[in-house]
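# Structural features, examined
Below are the chains, spelled out letter by letter.
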Amino acid sequence: MATIENSADVEAVKNLNYTGKAWIGLYDELVNSWKWSLSNSSFYGEGASTFRNWDSAEPTNIGGIENCVVLYSSTGKWHDYPCSSTFHFVCYNAPKNPEGFRLLRQDESSITLQWNRVNSSISFILQFSGTETNIRASDGDGPVNYTVSSLSAGAKYRFTLFSVFESIRSSGVSIAAATAPQNAESFTSLRQDETSITLQWDVVNNNVSFILQYNETELNITPPAGQQPLLLTVSSLTPGTRYTFTLFSVFESIRSSGVSIAAVTAPESAEGFRASGQNESSITLQWNKGDNRTSFVLQFNGSETNISSPDGDGPVTHTVTSLTAGTRYTFILYHVFMNVRSRAVNITVATAPTNVEGLRASDQDESSITLQWNKINNSTSFVLQFNRSETFISSPDGDGPVTHTVSSLTAGTRYTFTLFSVFESIRSSGVQFQAVTAPRNTEAVRASGQDESSITLQWNKINNSTSFVLQFNGSETNISSPDGDGPVNYTVSSLTAGTRYTFTLFSVFESIRSSGVQFQAVTAPENAEAVRASDQDESSITLQWNKINNSTSFVLQFNGSETNISSPDGDGPVNYTVSSLTAGTRYTFNLFSVFESIRSSGVQLTAVTAPKNVEGLRESDQDESSITLQWNKINNSTSFVLQFNGSETFISSPDGDGPVNYTVSSLTAGTRYTFTLFSVFENIRSSGVSIAAVTAPENAEGFRASGQNESSITLQWNKGDKSTSFVLQFNGTETNISSPDGDGPVNYTVSSLTAGTRYTFTLFSVFENIRSSGVQFEAVTAPQNAESFTSLRQDETSITLQWDVVNNNVSFILQYNETELNIAPPAGQQPLLLTVSSLTAGTRYTFILYHVFMNVRGRAVNITVATAPENAEGFRASGQNESSITLQWNKGDNSTSFVLQFNGSETFISSPDGDGPVTHIVSFLTAGTRYTFTLFSVFESIRSSGVQFQAVTAPRNTEAVRASDQDESSITLQWNKINNSTSFVLQFNRSETFISSPDEDGPVTHTVSSLTAGTRYTFTLYSVFESIRSSGVQHTAVTAPQNAESFTSLRQDETSITLQWDDVNNNDSFILQYNETELNIAPPAGQQPLLLTVSSLTAGTRYTFTLFSVFENVRSSGVQLTAITAPKNPEGFRASEQDETSITLRWNKVGINTSFVLQFNGTETNIRAPDGDGPVKHTVTSLTARTNYTFTLFSVFENARSSGVSILAATGPNYVLGLNLKLELLGEMSESELEDALIELFRKYNLPPQFTLKIISSKP
């Protein structure tokens, strides 16, 4: 019970949630008077055990039995009471000592203690070395850890731990612990070899031993005598290995933190040290690699070389260079691991001798090559390699060169020889030399062509590496072998015509010639000289050329024919006339000289026949100083010569098919001339044709207007002579005017003219009906008003006006918008055009036009015209489908309409009401086609310049969209391809996929994956042409549903199996396949597992069921289950015999795979089917006499039981009843069958079920 040590404890008890009296732990021991129930004196502090808080006059010990103490909760005062009284009590137990107080760890200056936590209200006091430390209980359920630090290394300490609860200590628990000693100092590796390392360190003190750790081994080392450094050799180590040694100082089995060093053993000597190769100045050494951590040092000739270990597993290779050829060297090799060397290994190797010098071919023929080189010395022999063979050649006696002939070689072949010098079986690097055998002669040398100065020779090519030398006339020509497989062609030029030459041809392979082959050939004769046309007429040409000699004849070719012409007798030229030719025709003649059937290269001559005379020669025009002649053109190759007045003029044939025109100028006016015209073809003239013609007279002089009014003008000019009359032309009329008598001027008045009109008058002088060139004069009548004043065209900022011009002397004034424009008279008679610019689009203007002639205005004429409206803005396609495009543009104002042009048609579109844009649908278009639209704004029938826009119709929808395949997570769609320029967009589930049109012509296939099983998806497929989509075609397809889960066999009997599976969802039906049968199963109501009993099955049979989930006629991949029906119940189950402790049961065997289970009295017995066809027998033993037992027998097939059949049978003692029965049987029965039949008969008549029957047959 509670111990109260001071007034604070009194207040704590008073504050308890209790009113009344309560026992405390103070009692009267009778011997030592009042004592606390907590007897451990170490619990109490100074004066704590003697504290009392008696009420006044207490203790009273009335009756000598008040040996216990109660506390009044209201005052906290104490009263003594008989201990037999009944009150509540105040318990205030001292806490338990902490459990599990132990040393957790330590180091050189601290010790960590650990103990089990008591509870959250218990704290602790730790005493050691005369000090106390208060330790608060840690949070959580784990143990309490406390580290005492600032301790001395290698020292023992004693720790006492108290639990404290409300200042009450437990009795305390103590442990002793020591700090770790200091680590050893100066721990180092002193020396090592391949299998040991010697370590050294300073001793700490005589009380401290050591533990050395390495390679998972620990060595205990006792403290040595004295303070000298401690030496330890660690042996049996692996060569070339780094070891880490950790040395712990140990005091009272406590280790220091330890100090570590790494040291290595010397590596093993390198193995396989050998020379792997050498040449004249270097030796390549090779040895086995140790591992990647080791290197090597190579010593020779007083030097050392450090060699790193190479990458990879192969041997180490090092080449020593700058050596002397044919010299012996000794090499020493050390293996080095972390600067520690192994024992040395050495070898002696010689360098290769120097290569031979002066290696050359001293001779060769078609089958052998003789080689020669300089001898080195008597101790150096040679090896000659070629064609994968080697020949050993000893050094000859004497100082001369070495000679060796290689025979049995192939003609015209390059051989590579490698010659090695050999010294002490070491070969030099070798020197290579190439030499060739002489080639064979070429075949089929012949002349393939020749001319006057050259002969082309041809022969069979040998190969690409064989060239040729051609000898003739004391000269040689080198000829390369051509590319390709054909024959070699070579032309010998600068020869003498008609000469026989002898040629010798050598094959050459790498400057070696064959024996050579000879051939003779002749050059062609010279061409005939001075070939010319000596005469010609319209149907023949006579040719002439110089004779060459009597042995040279000629061949003349022309027009695809050849004529042989013999050389004539005598020295004169050869003449030959070619007749029956066409007039004015160029003929090309080829003339060949012929010598010994060899033609010269030929000489060509072009000659022509004389042309025909021209036809239709006539005078086509003339003026005062010229006459123009005209005649029919003959052809493009016939020109002309015109003769007159003792001069000739050459005239080319003009282009085209029309007549030839030629003007003869610088003639005298009014004069008769005679002209003769010749046709000329290639400088050959026709016989000629003549014509006479006259020049026109001179023009009249002083032509002027002497007077005019609004309807007439009077003209005047000077008279010429009496033989000259006049013709006056104006306004398309001609007036003949005779020359008047006398010498005065000629006057003529032209009347009935138009006012304000400029007239042009042309006056011709006439001589012998030939007019002069004419002289012109302009005169005007008074002007009238302008006519045909109209608007010709306009655009948004200008109007082009037009009016009829009166004459070139009339100007104009145009008034509009308070502005006047002066307009100069135009050139020509065409209507006058004036463009008024800087106007406002779509605005009506009034123009007033005055006709001004010589500063006099006519009456005004006016018109009102509007400018073209502005082009519509925002012209765009706002929508389209396969057969229409909807165009849209911004409306101008209500007075502006529109014209839309496309495909050669125009559509007039009124301005709609309201302010919105104008919309127009162009329909009956072709799907997937680009159209160009031109839109004109129209104001008062005036169009704007127009704006163009291209748009395309949507392509037609694709056809035959279908699902070609699907599974639980994907659907493969297929549709007909439209064309190569139409792609597709597939929309579904708010996503779009862009699909290019495939190459080839087959259907388009696209698989949509990552879908949800058993889900209906609606796909919209758009054809896309130039980013325009078709209206789209929709197709609904479903993914295959998920396979049913938890597909299992729930139960079975002899004729049915009940299957169970989890329903997928209410939309899925199922198909069950088994035994080539399919059952369609409608979706169930609810989500509970679905049960299906498959009946009409065969007992004791294994069935494989495949279950497909079906969603909208799409099946899942299917899940399979193998289940079996229960076997049939055994038949003929009965007790065949029994005694007091056993019953023998019998039944018919079911099948070879069917076993049995027999149940009775809460037990089961497994019974295997016996071999053979007879009944099954089983004896149940250890039964109670005269007791009824119920046996249930199950057939078992693959752990599936039949429904079972039961019988009642009893143990003995048995009573035997003998019956004499006379049976008439319809057929023969066995004893067993007879027993079964009788038992059924007796049962029919209520024979007790424990009745058994045994048949004993007797013979009659």
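Criteria and cut-off values
- Within every chain, residues take consecutive numbers counted from 1 along the sequence as written.
- pLDDT decides what is reported in this predicted model: residues at 70 or higher carry local features, side-chain atom pairs at 80 or more are listed and counted, and totals for whole chains, interfaces and linings draw on all residues regardless.
- Excluding hydrogens and water, the side-chain figures rest on all heavy atoms present in the structure.
- Strand pairing is assigned whenever DSSP detects at least two bridges linking the two strands.
- The way it works is that DSSP assigns letters per residue, a run of H or I at least four long becomes a helix, a run of E at least two long becomes a strand, and they are numbered from the N terminus.
- Structural elements are reduced to axes, namely lines fitted to C-alpha atoms, with helices fitted over the stretch in contact, and the angle between N-to-C directions of any two is expressed from 0 to 180 degrees.
- Disulfides are defined in this document as cysteine sulfur pairs within 2.5 Å.
- A simple rule labels every residue: compare its accessible area, found with a 1.4 Å probe on the protein chains alone, to the largest value its type can have, and call it buried under 20%, exposed over 50%, or partly exposed in between.
- The contact criterion used throughout is that any non-hydrogen atoms of two residues lie within 4.5 Å.
- Pairing of N or O atoms within 3.5 Å defines a polar contact, subject to two protein rules: one partner must be a possible hydrogen donor and the other a possible acceptor, and residues neighboring in sequence count only if both atoms are side-chain atoms.
- What is meant by a nonpolar core is a set of buried Ala, Val, Leu, Ile, Met, Phe, Trp, Tyr and Cys residues, joined one to another through side-chain atoms within 4.5 Å.

## Considerations on the pairing of strand S33 (residues 389-393)
By the bridge criterion, 5 bridges tie strand S32 (residues 381-386) to S33 in an arrangement that is antiparallel. When the sheet's bridge partners are listed, Val383 is paired in S33 with Phe392. What sits between the antiparallel neighbours S32 and S33 is a turn of 2 residues, in which Asn387 has the positive phi angle 45°.

## Focus on the sheet that holds strand S78 (residues 876-880)
Strand order across the open sheet formed by 3 strands is S78-S79-S82, with antiparallel pairing between neighbours. Every interior strand has two partners, whereas the edge strands, S78 and strand S82 (918-922), have only one. For this sheet the average axis-to-axis angle between neighbouring strands, irrespective of direction, equals 25°. Two strands pair when backbone bridges link them, and strand S79 (residues 885-889) and S82 are joined in this way by 5 bridges, in the antiparallel orientation. Bridge pairing in S82 places Thr886 opposite Ile921.

## Details of the environment of Val918
If you trace the backbone, Val918 turns up in strand S82. Taking the C-alpha atoms as reference points, Val918 and Lys891, separated by 27 residues in sequence, lie 5.7 Å from one another.

## Side note on the state of the cysteines
Inspection of the entire model under this criterion finds 1 disulfide. Disulfide pairing is shown between Cys68 and Cys83; the S-S distance is 1.9 Å. Judged by the torsion about the S-S bond (100°), the Cys68/Cys83 disulfide is right-handed. Linking Cys68 in strand S3 (residues 68-72) with Cys83 in the loop between strand S4 (78-81) and strand S5 (88-89), this pair joins segments that are 15 residues apart in sequence. In this structure Cys68 comes out as buried when scored by relative accessible area, which is 16%.

## Thoughts on the environment of Thr663
Mapped onto the elements, Thr663 comes out in strand S58 (residues 660-664). Accessibility expressed as a relative area gives 38% for Thr663, which makes it partly exposed. Look past the residues within four positions of Thr663 in its chain and what remains in contact with it is Ser626, Ile627 and Thr628. In this structure the side chain of Thr663 is engaged in a polar contact, spanning 2.7 Å, whose partner is the side chain of Thr628.

## Concerning the nonpolar core
Phe789, Leu801, Trp803, Leu814, Val836 and Phe847 are the most contacted members of the largest nonpolar core, which has 21 residues in total. Looking at this core, the elements with two or more residues in it are strand S71 (799-803), strand S72 (810-816), strand S74 (832-836), strand S75 (844-853) and strand S77 (861-866). Within the second largest apolar cluster, 20 residues are counted, among which are Trp201, Val203, Tyr214 and Ala263.

## Points about the pairing of strand S51 (residues 586-595)
Most of S51 is tucked away, with 7 of its 10 residues classed as buried. Taken together, the 5 bridges between strand S48 (residues 553-558) and S51 define a ladder with antiparallel strand orientation. Counted as the bridge partner of Val555 is Phe592 from S51. Examined bridge by bridge, S51 and strand S53 (residues 603-608) share 6 bridges and lie antiparallel to one another. Among the inter-strand pairings, Tyr587 is bridged to a residue of S53, identified as Ala607. Across 2 bridges, S51 lies against strand S52 (residues 598-599) in antiparallel orientation. Looking at S52, one finds that Phe595 is bridged to Ile598. What sits between S51 and S52 in their antiparallel hairpin is a turn of 2 residues, with Glu596 showing a positive phi close to 50°.

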